Every structure is written in structure tokens, then in C-alpha cells.
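Per-entry structural report
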Amino acid sequence: MIGLFRDLALGLGLIAYAVRKRIGTGSWPADLRSRSGRLAGPVRRARGPRILLHGVSVGEIHALEPLVEALAASPAAPDIVVSATTATGFEQARRIHAPDREVVRFPLDFTWMTARFLDTVRPELVVLAELELWPSFLAACARRGIPVCVVNGRFSERSFRGYRGLGALARPMFRQLALVTAQTATYRDRFTAMGVPAGRAVVGGSLKWDAARADPDPAEAAALAAALGIDRSRPLVVAGSTGPGEEEVLMRGLPGGCQLLLAPRNPDRWDAVARLVPGMPRMSRAHASRPAANTPRSRADASRPHEAAQVFLLDTIGDLPAAYLLADAVFVGRSLIPLGGSNPLEAAALEKPVVTGPHHENFAGVVDALRQEGGIAVSADPMTVVRGWLADPQSAAAVAEGARQAMARHRGVARATADRVLGLLPHPEAATEGWKPPPKVNLS
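Thresholds, definitions, all that
Residues numbered from 1 in each chain as written. Predicted model: local features only at pLDDT ≥ 70, side-chain atom pairs only at ≥ 80, totals over all residues. Heavy atoms only, no water. Helix = DSSP H or I, 4+ residues; strand = E, 2+ residues; numbered from the N terminus. Buried < 20%, exposed > 50% of the residue type's maximum accessible area, 1.4 Å probe, protein only. Contact = heavy atoms within 4.5 Å. Areas by Shrake-Rupley, 256 points an atom, 1.4 Å probe, with all protein chains shown as cover. Polar contact = N/O pair within 3.5 Å; in protein donor to acceptor, adjacent residues only side chain to side chain. Arc of directions from axis to C-beta. Core = buried A, V, L, I, M, F, W, Y, C linked by side-chain atoms within 4.5 Å. Phe/Tyr/Trp six-rings, centres within 6.5 Å; stacked < 30°, edge-to-face > 60°. Pairing = 2+ DSSP bridges. Right-handed = clockwise from strand over helix to strand, strands pointing away. Salt bridge = Lys/Arg side-chain N within 4 Å of Asp/Glu carboxyl O. Axes fitted to C-alpha atoms, helices over the stretch in contact; angles between N-to-C directions. pLDDT = per-residue confidence, 0-100. Parallel < 35°, antiparallel > 145°, perpendicular 65-115°, else oblique. Nonpolar A, V, L, I, M, F, W, Y, C, P; charged D, E, K, R; others polar.

Focus: the overall build of the protein chain
- Within the protein chain, the secondary structure is distributed over 20 helices and 13 strands.
- For the protein chain, the proportion of its 444 residues judged to be buried stands at 50%.
- Taking all contacts inside the protein chain whose residues are at least 6 apart in sequence as the whole, residues at least 24 apart take part in 68%.
- For the protein chain, the accessible area works out to roughly 20100 Å², and carbon and sulfur atoms hold 55% of it.

Rendered as C-alpha cells:
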């Protein structure tokens, strides 16, 4: 009966979401079919215990990458399946992990969809990133005896208030968790306050420190600059993961002679941001018009697009690290407005001077750690900070050095998290030669 009410409430919420998306973007959600729990085909099984690692979108999938690698390198040699909720997260997961491991869409939280999904994937352990708790999915895992843990746990004050308001309806989900590795002590305490047994909740740090790697290809960065027509002789500010209204603030404050590359967080906003400056160069169109790899490109071709442009749009997925490599300064968005902020570590790992706004609650622990080393600036007027760095390169270099020191101090979270996760596997014999998966559960 509880499951029926959950399905009814979710169905009403899904209808409301679809209507809002139709009103806001003019289109209906295109990925509902892929999230029905019916996968395209059977999931291949390699030898070893199966672990399902789930992240909501691009940020969580990126943060899980070093954990996946640490698990795959362990003596237990688990069979890893990666799932994502959003279409962009799914594409990012495929880009990172396919064809080495299975990548699937996470189902909507209807009872029959989660049952169908788990019957196909058949994991022995489920690992959720940050705070992705769905009651029907967790109940289905409990019925099958599948342990569930949360890694890189993040529990904002807003989310804590919401779950606490649900009271007894939410507590069973938290009591079920076999392990929580929280990013900070504050987050850990919120998990335990909601019912996670104290012995199962630990402070593990943020996986994002390990996920931020200084390895974008300089050739890709150079190609990006050439495709958009960015002048490499002039300063460039890269604004990553921006939110509504921030682009206008940044353009108004842009120092004279400086270029600005905007990378909005939500693909649904790309067209609206492009309209802020008529004829704004866009990376997607540059990709479409780029000549074949073996076709020589003349100097005229390389310099022709948008020679006088000051503001550019990065409207592709996966190119932001290469863009950061081009930057003289980086602004990390969704932080001038109360959206919780975005991850500053990708730019910090490249030893770029980074400024973020005051609303960085979702990354408070990371920002605090960077600030302790002088590795980030926080300001409601980021372009004033950038103007100071351009006038005093030594001050910019000092921030970049602080970021380098902070990165060195906080790496290693993925290996420690992997050791804790592997300890939850319910089949110690899984690493042996003759191990076979448990039989499929028939709920009919």
C-alpha cells in the first residue's frame, strides 16, 4: 500500500515536471522511455562481484571516476556498472567508461521500474553519490538484501530541513544505509541525525579532489581557441557552470581588452545565453563547421571567425577542462545567486586563479580548504577581483600556488573510500575462481 501511494505521488510529480519543462523550453522530456527500468539488452557480467555506482548528473559522474578506477584496481576485481539520472550525466558516463564497463540509465522511482532495473542489473552492492535516496529503489534493494551506501556524502542545510520535515517517512531510508562517507563532519552529523547509525557514518573527504586532474590535452585547448576565434594574445576569463543572471553581471564588469568565455551549467540555457550578444561565437557551431582532421586549415580560415568578438559561448559537454587550460582567470558559477555553487577544483587543479561567489554552500568544505591555503577568492563582484589579478600578476600566481598546495594536501580520498566500499561486499568468496552470482529474484 505504501508503494502504491509512492507511485501515485511520483506520477503526479512527473506530470508537473513535464508540464514545467514544456512551458519553460517548449519541449516535452525526451528521456522518459530510457528511464523506465527497461534496459536495451542484458547487462554483461564479468567474473567478480557486481557493484552499481550511481551519480545524478555530470558532476557526480565525474566525481565517481577516481573511485571507479580504485575499485577496478583492487584485488577483488569487482564487475562495475555505472548509472546516471540525467541525459548529460549518461553521456558523460559513456564518454568516460564505455566500452570498458556497462553504463545504464537510472530508473524513475516507480515500484515496477526499480524492480525491473534491479532484476536486469543484479548488483551485489549499490553505491550512491552524495545524496541520491529514492524510497522505492531503496525498498527494492532491501527486499533483495542488497547493501546500499552513500559516498562523497553531501547534506546541505536546505536538504536537511526538507528531510527532517518528512520525519518518520524519511528515517527508514537513512537507517537502511550500510555506510556513509561524508565530505565533512557537518554533513556526517546530518546523516546521523536522520537515522544513519553512528558507527556507519564517517568523514571521508571529497572525491572531487581526486577527480580534478591536471590532464586536459593542450592540443584540444588550442583547437577550441582556434574554432571559436579566441585571441590567445589577449586575457581570457572562463566562466564555468554559470547560472541565470550571472552572464549579464560578468559581461557588464568585464575589464577592457579582456575576453570572456561563458559555459552555462544547464544546456537548456545555451540558446538564451547566446542571444545576449547577437552573433556570439558558439562552440557547437564551430564543431559543425570545423574541417576534417586531415584537411589543412589556412591562416585565413583559422582567424576568420568572429575576429572582433569579446564574448564566446561553450555550448558543448566535456570541453570545460580544455577551456580552463586557456584561462588567465576563472569564475566558478551558480554562486552569485543562491544555487549552491559549482565545483572549483577542475580549475584549481590546473593552478589557475579562481574566484567564486558567496553562494557556494554545495562546495563549502572544498572552498574552505582552498581558502586556508589562499587558493581561491570569494567575492560578490568577481570581475573586480579579476581586474586586480590582471593588474598584479604576482597576486594571481599566489592564488594559483595556494590551489596547488591544497590539491596536494587533500588527494587520496578515492583509495580510502574504495577500501571501505569493498568491505561491504556480501560475498567474501567473490574474488575466488569459482564464484558465481546469486540467482535472479522473481517477485511475481
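With respect to the side chain of E124
- Position of E124 among the secondary structure elements: in the loop between α4 (111–121) and β4 (125–129).
- Given a relative accessible area of 4%, E124 falls into the buried group.
- A polar side-chain atom of E124 sits 2.7 Å from the main-chain amide nitrogen of R50.

Considerations on helix α17 (residues 364–372)
- Looking at α17, one finds that the buried residues are V366, V367, A369 and L370. For α17, the angular spread of buried residues about the axis comes to 160°, placing them on one side.
- For α17, the secondary structure elements touched by its buried residues are α9 (208–211), α16 (345–349), β13 (377–378) and α19 (393–410).
- After α17 finishes, the residue G374 shows a positive phi value of roughly 70°.

Section: the nonpolar core
- Among the nonpolar cores identified, the biggest contains 40 residues, and L224, I230, L261 and L370 are the most heavily contacted of them.
- The contacts of L261, once residues within four sequence positions are left out, are L224, L228, I230, L236, V237, V238, A239, F312, L313, L314 and A323.

Considerations on the packing of aromatic side chains
- Evaluated as defined, the whole model comprises 10 aromatic pairs.
- Measuring from centroid to centroid gives 5.8 Å for F155 and Y163, while their planes differ by 90°, and the two rings are edge-to-face.
- One aromatic cluster is present, built from ring pairs that chain together F155, F160, Y163, F174 and F191.

Details of the sheet that holds strand β12 (residues 354–356)
- On the basis of which strands lie adjacent, the open sheet formed by 6 strands has the order β10-β9-β8-β11-β12-β13 and parallel pairing. Across the chains shown, the open sheet's two edge strands, defined by having one partner strand only, are β10 (311–313) and β13.
- Pairing between strand β8 (residues 236–242) and strand β11 (residues 329–332): 4 bridges, direction parallel. Across the sheet, residue V237 finds its bridge partner in β11, namely A329.

Regarding the pairing of strand β3 (residues 102–105)
- Alternating positions in β3 separate into two faces, E102 and V104 on one and V103 and R105 on the other, with burial throughout.
- Pairing geometry for strand β2 (residues 79–84) and β3, over 4 bridges, is parallel. Bridging from a neighbouring strand, S83 pairs with V104 of β3.
- This β-α-β element, β2 to helix α3 (residues 87–97) to β3, shows right-handed connectivity.

Some thoughts on unusual backbone geometry
- With an omega dihedral of 0°, the bond running from A98 to P99 counts as a cis peptide bond.
- Tracing the backbone through its elements, the reader meets P99 in the loop between α3 and β3.
- Backbone geometry at A77 places phi at a positive 45°, although glycine is not the residue there.
- With respect to the element layout, A77 can be found in the loop between α2 (58–72) and β2.
- In the Ramachandran plot, E130 falls in the positive-phi region, its phi being about 75° despite a non-glycine side chain.
- Mapped onto the elements of the fold, E130 is located in the loop between β4 and α5 (135–144).

Looking at the pattern of salt bridges
- Overall, the coordinates contain 16 salt bridges when judged by the stated rule.
- Between D271 and R282 there is a salt bridge; the shortest N-O distance is 2.9 Å. Taken as a pair, D271 in helix α12 (residues 270–274) and R282 in the loop between α12 and α13 (283–289) lie far apart in primary sequence, 11 residues in all.
- D271 sits in the partly exposed class, given a relative accessible area of 45%.
- Its salt-bridge partner being E373, residue R409 comes within 2.7 Å of it at the nearest N-O pair. On the criterion of sequence distance, the pair formed by R409 in helix α19 and E373 in the loop between α17 and β13 is long-range, its members being 36 residues apart.
- The structure contains a network of salt bridges with shared partners spanning E65, E69 and R213.

Re the sheet that holds β3
- Strand order in the open sheet made by the 7 strands is β3-β2-β1-β4-β5-β6-β7, with parallel pairing throughout. Edge positions in the sheet fall to β3 and β7 (201–203), since each of these pairs with one other strand and no more. Neighbouring strand axes in the sheet, compared pairwise and without regard to direction, differ in orientation by 20° on average.
- In this fold α3 packs onto β2 and β3, with an angle of close to 175° to the strand it touches most, β3.
- Strand contacts of helix α20 (residues 413–422): β1 (50–55), β4, β5 (148–153), β6 (179–182) and β7, with the helix running at about 170° to β6, the strand carrying the most contacts.

Focus on the side chain of H360
- By the element assignment, H360 lies in the loop between β12 and α17.
- Of the polar contacts made by the side chain of H360, one reaches the backbone oxygen of G357; its length is 2.9 Å.
- Filtering out sequence-adjacent residues up to four positions away, H360 remains in contact with G340, G341, V367 and V378.

Observations regarding the confidence of the model for the protein chain
- A residue-level look at the protein chain finds 82% of positions with pLDDT of 70 or above and a mean pLDDT of 86.
- Taken as a whole, residues 9–29 scores under 50 in pLDDT and shows 20 contacts with residues more than four places along the chain or in a different chain.
- Confidence drops under a pLDDT of 50 for residues 428–444, and excluding neighbours within four residues, the segment shows 24 contacts in the predicted structure.

A word on the packing of helix α18 (residues 382–391) against α19
- Running from N to C, α18 and α19 point in directions that differ by 110°, and their axes come no closer than 5 Å. With respect to their mutual orientation, α18 and α19 come out roughly perpendicular. On α19, the residues that touch G388, W389, L390 and A391 of α18 are P393, S395, A396 and V399.
- Residues belonging to the contact of α18 with α19 are distributed by class as follows: 6 nonpolar, 2 polar and no charged.

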